There are 2 protein chains.
Amino acid sequence: MVSTKFLKQLNEKYGIKFHNEKLLEEAFTHSSYANEHPEGVRDYEKLEFLGDAVLELAVSDYLYRHYPNLNEGELTRMRSNIVRTEGFSEFAIECGFQDEINLGKGEEKAGARHRKTLLEDVFEAFNGALYLDQGMKAVTHFLHLTVYPLIDKGEFDASRDYKTDLQELLQKDGPVNIEYVTLSESQLPSHFVVELKINDHVQSQGEGHNKKAAEQQAAKKALDELE
Amino acid sequence: MVSTKFLKQLNEKYGIKFHNEKLLEEAFTHSSYANEHPEGVRDYEKLEFLGDAVLELAVSDYLYRHYPNLNEGELTRMRSNIVRTEGFSEFAIECGFQDEINLGKGEEKAGARHRKTLLEDVFEAFNGALYLDQGMKAVTHFLHLTVYPLIDKGEFDASRDYKTDLQELLQKDGPVNIEYVTLSESQLPSHFVVELKINDHVQSQGEGHNKKAAEQQAAKKALDELE
């Protein structure tokens, strides 16, 4: 059962209160748990099927309206960066979903609770459940508090791959040692700080909600200074 | 400009009247036309980006609610059959979109107006425009008059490939001549009748909104009789 603590947090942090808590329970139930409890327990897979399409439209709609200057190719790339990555797994952790997942014993032992793909599935299923329970408006409200702010911070905007560009710039005259060192990382909220060293000399720092985003920021700063 | 005849038909047949006709115009404008008219003419590509996600959710929602007995794998396969094929192109023809497309001269000569991929893009763009103009409810109303009935007729249910199964059954003891002959085809509405001949002997007939669906139905009937 979903914990009272989690229900309280969901309400206080995101203003969400499910009419049908069974949907929420279903969104957090992995097939391995359902298999061990055959008496009518449903796993999240059908909600994930629906949530996938819910997130696809919610993100497309947001990008279409908020980025009028992007062309179709740029919009598609950005949508794909948001929807097709494991980025959703970090939101699942931030929202406290991780502790609520119902897992079978074997999968629990195998560490499935921390598997990124599973956490991403659960995030999709949660949005599918929210859509069924309260419609698209509730989903976009939730995304305004979670996913959309990171879109606006440019963390999914991989229209340029700064790390690759930096490498090409630096190595055009011969080999250069480029190193990204993680200085700190925290979860809840997810936050990474990395340091970029070029030939053992500290060049820049970057921050982001995951390591990749932090490294891209560090590379971008270095490019701004070096180009 | 979208023709008055088309606007009238859209209203009478589907109950659709655009508040912002510019969106409709945009949905029917190919990039080749926009390139020849650079003075602020927009092509349909961004509406197609949005419409793609609109249709994905509209179809997912319909399948989720109307096919409670399908599991996630079956739902995903069916959604993919509906959304990822060129099936939408036939709806574009049925809805009379074909005559309204704004094409550049070169593309017109090259026969782009009859290209399935282009017609499918236009169908997506139209649904993106309708969503922006009147919301998801108007889109699902439109799909209830076009796409959904064909889902319920089982035309996208390729959980089984009857043609392949028939071939395997018939040819297990040696070569057999299997032939599908188109007896009639019409557009507006799209309708095909095919005849299945096994070693020049008429075995069955099939009907459908495209040739493939009609052939599948003929193969299914033959399997029902032979198995």
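Residues numbered from 1 in each chain as written. Chains lettered and ligands numbered in written order. Predicted model: local features only at pLDDT ≥ 70, side-chain atom pairs only at ≥ 80, totals over all residues. Heavy atoms only, no water.

Per an unreviewed UniProt entry, chain A is named Ribonuclease 3, and its organism is Lactobacillus amylolyticus DSM 11664. In UniProt, chain A has this text filed under Catalytic activity (unreviewed entry): "Endonucleolytic cleavage to 5'-phosphomonoester." Under Function (unreviewed entry), UniProt gives the following word-for-word description of chain A: "Digests double-stranded RNA. Involved in the processing of primary rRNA transcript to yield the immediate precursors to the large and small rRNAs (23S and 16S). Processes some mRNAs, and tRNAs when they are encoded in the rRNA operon. Processes pre-crRNA and tracrRNA of type II CRISPR loci if present in the organism." (UniProt positions renumbered as here; feature names shortened; annotations may be inferred.)

> Would you mind going over the relation of the copies chain B and chain A with me for this structure?
Each of the two chain copies goes to the other by way of a rotation about an axis and a shift along it. Mapping chain B onto chain A calls for a screw motion: a turn of 180 degrees about the axis and a shift of 0.1 Å along it, with 0.2 Å RMSD after fitting. What we have between these two chains is a two-fold relation. (Least-squares fit on C-alpha atoms with pLDDT ≥ 70 in both.)

> What is the right way to read the UniProt feature "domain: DRBM" (unreviewed entry) in chain A from this model?
Sites flagged by UniProt as "domain: DRBM" (unreviewed entry) map to residues 161–227 of chain A. Regarding residues 161–227 of chain A, the helix share stands at 37% and the strand share at 37%, and the terminal C-alpha atoms are separated by 15 Å. (Helix = DSSP H or I, 4+ residues; strand = E, 2+ residues; numbered from the N terminus.)

> Help me out: how do you make sense of the interface of chain B and chain A in this one?
Interfaces are often described in size by the accessible area the parts lose on coming together. Taken together, the contact between chain B and chain A spans 26 residues of the former and 26 residues of the latter. Taking both sides of the interface into account, the surface hidden between chain B and chain A amounts to around 2,400 Å²; carbon and sulfur atoms contribute 65%. Summed over the three residues of chain B that lose the most area to chain A, namely Lys46, Phe49 and Tyr64 of chain B, the buried surface amounts to 34% of that side. Viewed at the interface, chain A and chain B are joined by 2 salt bridges. The residue Asp52 of chain B makes a salt bridge to Arg79 of chain A at a minimum N-O spacing of 3.2 Å. Applying the counting criterion to the chain B and chain A interface returns 10 residue pairs in polar contact (both at pLDDT 80 or more). (Contact = heavy atoms within 4.5 Å. Buried area = accessible area lost by both parts, 1.4 Å probe. Salt bridge = Lys/Arg side-chain N within 4 Å of Asp/Glu carboxyl O. Polar contact = N/O pair within 3.5 Å; in protein donor to acceptor, adjacent residues only side chain to side chain.)

> Honestly, the domain arrangement of chain A in this entry has me stumped. Any pointers?
Residues and elements named next belong to chain A. With domains assigned, chain A is organised as domain 1 (4–153) and domain 2 (162–226). Placing the centre of domain 1 and that of domain 2 at their C-alpha centroids yields a distance of 30 Å. Of the residues lining the interface, 4 residues belong to domain 1; the matching set on domain 2 comes to 6 residues. Interface of domain 1 and domain 2: buried area, both sides summed, is about 520 Å²; carbon and sulfur atoms make up 62% of it. On the domain 1 side of the contact with domain 2, Glu90, Ile93 and Glu94 bury the most area, a combined 76% of that side's loss. For the pair domain 1 and domain 2, the interface holds 0 salt bridges. Linking domain 1 to domain 2 there are 1 residue pair in polar contact (both at pLDDT 80 or more). The element that contributes the greatest number of residues to the side of domain 1 that touches domain 2 is helix H6 (residues 87–94), accounting for 3 residues. Class assignment of the residues belonging to the side of domain 1 that touches domain 2 gives a composition of 2 nonpolar, no polar and 2 charged. (Domains from an automatic or database assignment. Nonpolar A, V, L, I, M, F, W, Y, C, P; charged D, E, K, R; others polar.)

> Where do I start with the UniProt feature "active site" (unreviewed entry) in chain A in this structure?
Here, UniProt's "active site" (unreviewed entry) annotation points to Asp52 and Glu124 of chain A. Taken together, the annotated residues stretch across 73 residues yet fold into one region, lying no more than 5.5 Å apart by C-alpha. Turning to its location among the elements, Asp52 of chain A is positioned in helix H4 (residues 45–66). According to the relative accessible area criterion, Asp52 of chain A is buried, its value standing at 15%. Filtering out sequence-adjacent residues up to four positions away, Asp52 of chain A remains in contact with Arg84 and Glu124 of chain A together with Glu56 and Arg79 of chain B. Inspection of the secondary structure assignment puts Glu124 of chain A in helix H8 (residues 116–134). Residue Glu124 of chain A is classed as buried on the basis of its relative accessible area of 7%. (Buried < 20%, exposed > 50% of the residue type's maximum accessible area, 1.4 Å probe, protein only.)

> Help me understand the sheet that holds strand E2 (residues 191–198) of chain B in this model?
In sheet architecture, strand pairing relies on hydrogen bonds along the backbone and comes in two forms, parallel and antiparallel. Residues and elements named next belong to chain B. Strand order in the open sheet formed by 3 strands is E1-E2-E3, with antiparallel pairing between adjacent strands. Each edge of the sheet is formed by a strand with only one pairing partner; in this case those strands are strand E1 (178–186) and strand E3 (201–208). Averaged over all neighbouring strand pairs, the angle between strand axes comes to 20 degrees, with direction disregarded. Summarising the sheet, E1 and E2 pair through 8 bridges and their orientation is antiparallel. In the sheet register, Ile178 faces E2, and the bridge partner there is Ile198. (Pairing = 2+ DSSP bridges. Axes fitted to C-alpha atoms, helices over the stretch in contact; angles between N-to-C directions.)

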